[in-house]
Amino acid sequence: MCGIIGYLGKRSPKDILIEGLKKLEYRGYDSAGIALKNENKIQIIKSVGKIKYLEEKIEKEKLIDSHIGIAHTRWATHGEPNLENAHPHKIGRITLVHNGIIENATILKEKLEKEGIKFHSSTDTEVIAALIDHYYNNSIEEAITKSIKELKGSYALAIISEEEDSLYAIRCESPLILGIGEKEYYVTSDIGAIINQTRKYVLLGENEIVKITKDGYKITKDGKKVERKVEESTLKEEESGLLGYEHYMMKEIMEEPILVENIIKKYKDNLDKLPDISKYKSIHIVGCGSAYYAAEVGKYLFEDDGIKVEVEVASEYRYRNIIYEDNTLVILISQSGETADTIAAMRKANENKIDTLAIVNVETSTIARECTYKLLIEAGREVAVATTKAYILQVLFLSLLSYKVHQDDKYMKDLLSLPQQLKVLLDKSGFYKKLADAIYKNEDVYFIGRRIDYAISEEGSLKLKEVSYIHSDSYQAGELKHGTISLINDGTIVFAIVTDEVTKDKTISNLEEVISRGAIPIYVGTDDCNYKNKIIIPKVHKKLQPILVVPTLQMIAYYVAYKRGLEIDKPRNLAKSVTVE
Ligand code: F6R
């Protein structure tokens, strides 16, 4: 998704902006650009494709002497990824960059065109610039306030004008923070973009306008001053480097043992730091993509604890007519804490006065701020678009919540051994590479499992398809013969996840059914077996088992994508944080 960085201070902004853009690359983008301001001139440089092309273009230009600048990575929503549509956009005296979507852009554009305004792109962003310029008489602040009253949708904006030595920013349903250095200021959609510069930041509330000048900053809303606390980020700087790995996806999988260990150390003797979910009559767990598949794991864990659970993808949950029972808890799972649908699901529960609990990674995110309770999974920055370590920690937190309800010694013993077991499993990279060799030329791969093994197979299948572009689906093993089995052919790869004691024999029978129709089985289970392709996973407490199985499937997905020569960290069409509906 799009990314924003802006700077005002003593230094020339170019290097700070480019470094910031590079930190935002992981979010997915298709064009990039910067705008620099000096006394009365704005210089805009944009390019399609990678930031390195923008850098090459900047090198060829004579840059104006400047202390104020804004920059952007664009992930196309309105209009194709071309130079005209890349940000920044300038209309009249206003230049800005924008994250989000303006839903009524077409109507506003028609209205402004009738007033003689000429647009140069197909973006909704230009409409915002035109609107602010239209309302701009003496004060940009006033013009922004008037303009946003006409906007429907989401926006995070960094705004400059040749007429003022100021940088303005505002957000609504899209993240944006103010970073504070020594007489230097930053605005960014992602704290990771400025962490090398400063750790101090201020969270901007919805529709609060920050005006930054060399003398400081002022936050206002509807013309009234707003006070906001300066906070300090705990994000570690070294988390943003590859540290010798070829890809972030692999680096992040390899971080799983230590991250799991850190959380275990923090909570094993401090269960009181975790909410007691048993006091709720009913629990809903909501998320998107992998976070939803983590929620599915939670369903099986909590149900076994005797708690009524409903699990739903956020994009559906937000539009359902949910009849909330008294004493319901809604758990929102999100790595970024900025996924638009998950935010909407959270707000729906909040509006219904239902307790909400966020299991979230980004401490500054909307979900972390607006939930009743939050648990930070402390995964550090996740750069690869496909989530790996965050999913594992989300599941670990669900497992700990479940353990708090029913505590037993075997769980604690297995919990303590988990980091080491995980490390041993991840050390076998040669083994996963070999398995990847057997798969990477296939065009169809299926994953089957029952109960919690089905939840695991959903994540295994998603991981494989998103990074390798191989078509893959997951099925409840018992459901296959009600239709899908017709797709099984000579050589079709079928992964069977077989860890659940209650259903393992049934899943094996289903696996045999597909083998007899030509499928090549890959067995992933806790008991040894005679299948040629197999991943044997150490048996641990059932509430911890997914934490040992899923990393092996992540490794296979990685190596399959590697063998296919793909851009593993930034798969096509995907974005790290889906801030639009
Ligand atoms: C898959 C993946 C996505 C995210 C989903 C939710 O590898 O990364 O499916 O899990 O977009 O994102 P968050 O967790 O940020 O809400």
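Residues numbered from 1 in each chain as written. Predicted model: local features only at pLDDT ≥ 70, side-chain atom pairs only at ≥ 80, totals over all residues. Heavy atoms only, no water.

**Q** Help me understand the pattern of salt bridges in this model?
**A** Close approach of charged atoms lets side chains of opposite charge pair. Evaluated as defined, the whole model comprises 43 salt bridges. Here Lys504 ties to Glu501 by a salt bridge, and the two come within 3.0 Å at their closest N and O atoms. On the accessibility criterion, Lys504 (7% relative accessible area) is buried. One salt-bridge network, held together by shared partners, links Arg171, Glu173, Glu206, Arg347 and Glu370. (Salt bridge = Lys/Arg side-chain N within 4 Å of Asp/Glu carboxyl O. Buried < 20%, exposed > 50% of the residue type's maximum accessible area, 1.4 Å probe, protein only.)

**Q** Got a minute to help me understand empty space enclosed by the protein in this structure?
**A** Using a probe with the size of a water molecule, rolled over the atoms, empty space left in the structure can be pinpointed. Following the criterion strictly, the structure yields two cavities of 30 Å³ or more and no others. Of the pockets and cavities examined, the largest cavity occupies roughly 70 Å³. Its residues assigned to classes, the lining of the largest cavity shows two nonpolar, seven polar and two charged. The calculated volume of the second largest cavity comes to roughly 40 Å³. Looking at the second largest cavity, the residues that line it are Met1, Cys2, Trp75, Thr77, Asn99, Gly100, Thr579 and Val580. Tallied by class, the residues present in the lining of the second largest cavity amount to four nonpolar, four polar and no charged. (1 Å grid on protein atoms, 1.4 Å probe; cavity = no way out; pocket = protein on both sides within 12 Å on 5 of 7 lines; lining within 4 Å. Points joined across faces, edges and corners; volume = space filled by probe spheres on them. Nonpolar A, V, L, I, M, F, W, Y, C, P; charged D, E, K, R; others polar.)

**Q** So what exactly am I meant to see when it comes to the pairing of strand 22 (residues 471–476) here?
**A** Looking down a regular strand, the side chains alternate between one sheet face and the other. The pairing of strand 21 (residues 444–449) with strand 22 spans six bridges and is classified as parallel. Opposite Asp444, over in strand 22, you have His471 as the bridge partner. After leaving strand 21, the chain enters helix 15 (residues 452–468) and then returns to the sheet as strand 22, a path that is right-handed. (Pairing = 2+ DSSP bridges. Helix = DSSP H or I, 4+ residues; strand = E, 2+ residues; numbered from the N terminus. Right-handed = clockwise from strand over helix to strand, strands pointing away.)

**Q** Would you mind going over the site of the ligand with me for this structure?
**A** Around the ligand sit 14 residues in total, of which Ser334, Gln335, Ser336, Thr339 and Glu466 are the nearest. The separation between an oxygen atom of the ligand and a polar main-chain atom of Thr387 is 3.0 Å. Within the side chain of Lys463, an N or O atom sits 2.7 Å from an oxygen atom of the ligand. When the free accessible area of the ligand is taken as 410 Å², the share hidden by the protein chains comes to 90%. Most atoms of the ligand, that is more than half of them, are within 2 Å of grid points of the second largest pocket. Residue assignment for the shell around the ligand shows that the elements contributing at least two residues are helix 8 (289–304) and helix 15. (Near = heavy atom within 4 Å. Polar contact = N/O pair within 3.5 Å; in protein donor to acceptor, adjacent residues only side chain to side chain. Areas by Shrake-Rupley, 256 points an atom, 1.4 Å probe, with all protein chains shown as cover. Sits in = over half its atoms within 2 Å of the grid points.)

**Q** Looking at this model, I keep getting lost on the layout of surface pockets. Mind explaining?
**A** Counted as a void, the second largest pocket has a volume near 540 Å³. Looking at the second largest pocket, it is lined by 29 residues, and the ones nearest its centre are Cys288, Gly289, Ser290, Lys576 and Val578. Mapped onto the lining of the second largest pocket, the elements with two or more residues apiece are helix 8, strand 18 (328–334), helix 10 (340–351), helix 12 (389–405) and helix 15. Here the lining of the second largest pocket is composed, by residue class, of 13 nonpolar, eleven polar and five charged.

**Q** I'm lost on the packing of aromatic side chains in this one. Help?
**A** Between two aromatic rings, the relevant description is the distance of the centres plus the angle of the planes. Overall, the coordinates contain eleven aromatic pairs when judged by the stated rule. Centre to centre, the rings of Tyr403 and Tyr411 are 4.3 Å apart; their planes meet at 10°, and the pair counts as stacked. We note that Tyr403, like Tyr411, is buried. Aromatic pair Tyr523 and Tyr531: ring centres 5.8 Å apart, planes at 25°, arrangement stacked. Considered together, Tyr523 and Tyr531 belong to a single accessibility category, that of buried residues. Joined through ring pairs, the aromatic side chains of Tyr558, Tyr559 and Tyr562 make up one cluster. Above the plane of the ring of Tyr440 lies Lys563, whose end atom (NZ or CZ) is 5.0 Å from the centre. Directly above the ring of Tyr469 sits Arg572, whose terminal nitrogen or CZ lies 3.8 Å from the centroid. (Phe/Tyr/Trp six-rings, centres within 6.5 Å; stacked < 30°, edge-to-face > 60°. Lys NZ or Arg CZ within 6 Å of the ring centre and 35° of its normal.)

**Q** Is there a simple way to explain the domain arrangement of the chain in this structure?
**A** The figure often quoted for interface size is the accessible area lost as the parts come together. Splitting the chain by domain gives domain 1 (3–243) and domain 2 (253–563). Computed from C-alpha coordinates alone, the two centres of domain 1 and domain 2 are separated by 37 Å. Contact residues are listed per partner, giving 17 residues for domain 1 and eleven residues for domain 2. Carbon and sulfur atoms make up 51% of the area that domain 1 and domain 2 hide from each other, which totals about 1300 Å². Inspection of the region where domain 1 meets domain 2 yields two salt bridges. With its nearest N and O atoms 3.9 Å apart, the salt bridge here joins Arg347 to Glu206. Where domain 1 touches domain 2, the interface holds two residue pairs in polar contact (both at pLDDT 80 or more). Taken together, the elements giving at least two residues each to the side of domain 1 that touches domain 2 come down to helix 1 (13–24) and strand 11 (200–203). (Domains from an automatic or database assignment. Contact = heavy atoms within 4.5 Å. Buried area = accessible area lost by both parts, 1.4 Å probe.)

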